[in-house]
Amino acid sequence: GYYNWTVFLQADDATLNTIDHVEYLLDPTFPNPQVSSYNKANNFSYTSSGWGEFEIKVRVIFKDGRVQYIPYWLRLQSKIVRPVIKTVKTTMVKK
């Protein structure tokens with residue numbers, strides 16, 4: 001299927017305040033595979049849609065010039081229902 005998805009930074013306000021912007025390098029099949037977010041209010045998020053799975057290369061650019069690279073594997077799939085298996089512990093009693 002086709003999915004709407006959002007990628008964002010999860011960090012405390014003190015850390016988010018040190019970030020200038022975030023660049024996302026998407027799969028080359030996207031019409032615009034390199035996007036940037038300057039919006040701290042939404043945790044530098046980016047929203048798109050697509051299918052399948054691919055690596056998003058996240059580049060965090062800090063206000064002091066430092067750069068941090070974070071690879072993120074995005075897997076778009078419907079929720080899979082998995083069975084719950086319960087283990088019952090038994091003890092043997094000698095008679």
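Definitions and limits used
- Residues numbered from 1 in each chain as written.
- Predicted model: local features only at pLDDT ≥ 70, side-chain atom pairs only at ≥ 80, totals over all residues.
- Heavy atoms only, no water.
- Helix = DSSP H or I, 4+ residues; strand = E, 2+ residues; numbered from the N terminus.
- Buried < 20%, exposed > 50% of the residue type's maximum accessible area, 1.4 Å probe, protein only.
- Pairing = 2+ DSSP bridges.
- Core = buried A, V, L, I, M, F, W, Y, C linked by side-chain atoms within 4.5 Å.
- Contact = heavy atoms within 4.5 Å.
- 1 Å grid on protein atoms, 1.4 Å probe; cavity = no way out; pocket = protein on both sides within 12 Å on 5 of 7 lines; lining within 4 Å.
- Points joined across faces, edges and corners; volume = space filled by probe spheres on them.
- Nonpolar A, V, L, I, M, F, W, Y, C, P; charged D, E, K, R; others polar.

Caption draft 1: Structural context of unusual backbone geometry. Of note in this structure, Asn43 is not a glycine but carries a positive phi near 60°. Structurally, Asn43 can be placed in the loop between β3 (34-37) and β4 (46-50). With relative accessibility at 23%, the residue Asn43 sits in the partly exposed group. Positive phi, close to 55°, is recorded for Phe44, a residue that is not glycine. Tracing the backbone through its elements, the reader meets Phe44 in the loop between β3 and β4. Looking at Phe44, the relative accessible area reads 0%, which means it is buried.

Caption draft 2: Geometry of the pairing of strand β2 (residues 19-25). Across the seven residues that make up β2, a large majority, five, are buried. Judged from the four bridges that link them, β2 and β3 form a sheet pairing that is antiparallel. Looking at the pairing, Tyr24 lines up with Val35 of β3.

Caption draft 3: Region of interest: the nonpolar core. Trp5, Leu9, Ile19, Val22, Tyr24 and Ile56 are the most contacted members of the largest nonpolar core, which has 18 residues in total. Among the elements of the structure, β1 (3-7), β2, β5 (52-62) and β6 (67-76) are those that each provide at least two residues to this core. The element contributing the most residues to this core is β5, with five residues. The contacts of Ile19, once residues within four sequence positions are left out, are Leu9, Phe44, Val60, Ile61, Phe62 and Lys63.

Caption draft 4: Looking closely at the layout of surface pockets. Estimates place the volume of the largest pocket at around 320 Å³. Considering the residues around the largest pocket, the lining is formed by 16 residues, among which Val7, Phe8, Leu9, Gln10 and Ile70 are closest to the centre. Mapped by element, the contributors of at least two residues to the lining of the largest pocket are β1, β2, β5 and β6. The biggest single contributor to the lining of the largest pocket is β6, with four residues. Tallied by class, the residues present in the lining of the largest pocket amount to 12 nonpolar, four polar and no charged. Considered as a void within the structure, the second largest pocket measures approximately 170 Å³ in volume. Considering the residues around the second largest pocket, the lining is formed by Tyr2, Asp27, Thr29, Phe30, Pro31, Ser48, Ser49, Gly50, Trp51, Gly52, Glu53 and Phe54. Listed by contribution, the elements that provide at least two residues to the lining of the second largest pocket are β4 and β5.

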